[in-house]
Structure formats: C-alpha cells, structure tokens
Amino acid sequence: MISLICVYNDKKMVKDMISSIHTKVDIEPILVDNTKNKFMSAAEALEYGMKKSTGEIVCFLHQDIIFFEDTFFERLESYINENQNQLLGVAGVNKTEGIVSSIKSGPWKASYTTIKENDGLKMVITLDEVLIACHRVLFEKKIIHFDKKICDGWHLYGADLCLQAQEKGIAVMVLAAGLHHLSTGNADYNFYITFDRLAHKYQKKFSKIYVTSSWTYTNPILRKILFTYRKLRKIF
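This report concerns the structure included in the present document. (Residues numbered from 1 in each chain as written. Predicted model: local features only at pLDDT ≥ 70, side-chain atom pairs only at ≥ 80, totals over all residues. Heavy atoms only, no water.)

1. Overview of the overall build of the chain
- Across its full length, the chain carries 7 helices and 16 strands.
- Against the globule reference of 18 Å for 236 residues, the chain gives a C-alpha radius of gyration of 17 Å, in line with a compact fold.
- A total of 236 residues make up the chain; the buried ones form 50% of that total.
- Summarising the internal contacts of the chain: among those between residues at least 6 apart in sequence, 74% fall at separations of at least 24. (Helix = DSSP H or I, 4+ residues; strand = E, 2+ residues; numbered from the N terminus. Rg over C-alpha atoms; globule rule 2.2 N^0.38 Å. Buried < 20%, exposed > 50% of the residue type's maximum accessible area, 1.4 Å probe, protein only. Contact = heavy atoms within 4.5 Å.)

Take a look at the structure:
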C-alpha cells in the first residue's frame, strides 16, 4: 500500500487531487488539515502525517496536483519495491540536464520533456517537493528525517531529505509522470533564508546546492555575496 501524505489548506483542491487518481494500487490518503494554520512548517505537518500512515511506501505530495496517468502509482510501487534505498520524485535537477521532469506545470501547462516513461529512472541532486516517495523503512531506521529546525517553514524540506540521502549513499531519482502541477512554486524571501541555513548545514559535504528553482554556494563568503546580489536585483 502507498500512503499519500498531503498537507492542505484548500479543501476543493485536495479533493480534486484525490479524485484524479485512478490506480490498481491500494492507496491510503493521509490528508493533513491546515486550513486553520495549525502547523507552522511542512516538516512538522508531514511528520505528523507520516506517524498516522501505515503504508510500506510513503508519498509526500502537494495539494495542487491533477493526475492524468493511470499507471503512475504502479510504476512508483514497482521501482521502490525493487530497491528500498532510494528517493523517487517527478521533478528534480542535475548538473548535466538542469531540470529533469515530464510533468506539466503552472496555469499555462508548461511541459518538461527531459525524461520519458521508457527512460526508467534518472539520477538527480535534489527533488522538487511537488511529489517525493520512498519506502518507509528509510524513516523508521532514521536514515532520513524531517529537519524541523532547518526547514521551519514551507520550503526546501524535500531538498534536505535528498541531501541527507546522498550523505548515506541513498539514490535520488526521477521517474516520468503524467500529472499537472497547478502552480510553479514561490521562491520568496523565506525560501532564500531557508536555503542559506541548508547551505550552512551541508557546507562540509557540497560546494554548491542545486534545487529546481535556484542554486547557491555553500561557502559562507560566496553565499553572502550571492544573497546580496539577488537582494539588490530584487529577485526576492
């Protein structure tokens, strides 16, 4: 069984997301209600949902998704059962191709075509938080965990999981998916504050950190110069 763990603040949106799923795989929806801002961070809310879930596979996903492929969860289940030591997502970034994905994104349905179903899996550095799945054993054995101190808001909790995984030799992979992510994300000021903390956390391991919407140095001096440049250019 796959547990779908989703934090939502829009009841209609999450209902539409669940209604769009057509699969032969047993699905356990774990819908974490945040309409009244009970949770202050995605890490806190998803950890709560994780504890309520019972599926061998856990899938953390956004509320603003519409699935239009019937075999996605079968393929996801198959890949994870073949190898429990991996994180799988539907969008990520690597150094050679940039964004690796096949999903449609935003109100204009911009389409990425850097991976196709018959490509299997492609390795990436980090995954976009739109959808990240793994075998629950990775959490139960404390190989990875949600870092509520570093990711104390709604950004980069998935990137942190991916970097933790790489430190432990766990593969981070993208598979093709037929879905539409209705939004394109929001790299606001809080995003870059969290990104700075994330870079500090991993500065002894990585020289740069790449995510689907940005990148940064981990060296504190270069990081500060880049942050100042982005602020002057009013990027956030």
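Structure's up, so let's keep going.
2. Description of the sheet that holds strand S7 (residues 98-101)
- In spatial order, the strands read S7-S6-S11; together these 3 strands make up an open sheet with antiparallel pairing. Because the sheet does not close on itself, it has two edges, and the strands there are S7 and strand S11 (126-127).
- Sheet analysis places strand S6 (residues 91-94) next to S11, joined by 2 bridges and oriented antiparallel. By the bridge assignment for S11, Val93 is matched with Thr126. (Pairing = 2+ DSSP bridges.)

3. Section: the side chain of Ser105
- Inspection of the secondary structure puts Ser105 in strand S8 (residues 104-105).
- Under the relative-accessibility criterion, Ser105 is labelled buried at 9%.
- At 3.5 Å, the side chain of Ser105 forms a polar contact with the backbone oxygen of Ser183.
- Dropping the residues within four chain positions of it, Ser105 is found in contact with Ala110, Tyr112, His180, His181, Ser183 and Thr184. (Polar contact = N/O pair within 3.5 Å; in protein donor to acceptor, adjacent residues only side chain to side chain.)

4. What about the pattern of salt bridges?
- According to the stated counting rule, one finds 10 salt bridges in the structure shown.
- The salt bridge involving Lys148 is made with Glu47; its shortest N-O contact spans 2.7 Å. Of this pair, Lys148 sits in the loop between helix H4 (137-140) and helix H5 (157-167) while Glu47 sits in helix H2 (residues 42-52), and the two are 101 residues apart along the sequence.
- Taking the relative accessible area as the measure of exposure, Glu47 reaches 22% and is therefore partly exposed. (Salt bridge = Lys/Arg side-chain N within 4 Å of Asp/Glu carboxyl O.)

5. Comments concerning the state of the cysteines
- With the rule as written, the count across this model stands at 0 disulfides.
- Free cysteine Cys6: the closest other cysteine sulfur is in Cys59, separated by 9.6 Å.
- Using a relative accessible area of 0% as the deciding quantity, one classes Cys6 as buried.
- The closest cysteine sulfur to the non-disulfide-bonded Cys162 is located on Cys134, 9.9 Å from its own sulfur.
- Judged by its relative accessible area of 0%, Cys162 is buried. (Disulfide = S-S within 2.5 Å.)

6. Overview of the nonpolar core
- Formed by 46 residues in total, the largest nonpolar core has its most connected members in Leu87, Phe139, Ile144 and Leu198.
- For this core, the leading source of residues is H5, giving 6 residues.
- Discounting residues that sit within four places of it in the chain, Ile144 has contacts with Leu87, Cys134, Leu138, Phe139, Leu161, Gln164 and Ala165.
- One finds Met17, Cys59, Val130 and Leu131 within the second-largest nonpolar core, a separate group that totals 28 residues. (Core = buried A, V, L, I, M, F, W, Y, C linked by side-chain atoms within 4.5 Å.)

7. A few points about unusual backbone geometry
- One non-glycine residue, Asn37, adopts positive backbone phi at about 55°.
- Take Asn37: it is sitting in the loop between strand S2 (27-33) and H2.
- Note on Asn37: relative accessible area 56%, which makes it exposed.
- Although it is not a glycine, Leu156 adopts a positive phi angle of roughly 65°.
- Secondary-structure assignment places Leu156 in the loop between H4 and H5.

8. Some words on the packing of aromatic side chains
- Overall, the coordinates contain 15 aromatic pairs when judged by the stated rule.
- Connected via pairs of aromatic rings, a cluster forms that spans Tyr189, Phe191, Tyr192, Phe195, Phe227 and Phe236.
- For Lys208, the ring lying beneath its charged end belongs to Trp215, and the centroid distance is 5.1 Å.
- Taking NZ or CZ as reference, Arg230 lies 5.6 Å from the ring centre of Trp215, over its face. (Phe/Tyr/Trp six-rings, centres within 6.5 Å; stacked < 30°, edge-to-face > 60°. Lys NZ or Arg CZ within 6 Å of the ring centre and 35° of its normal.)

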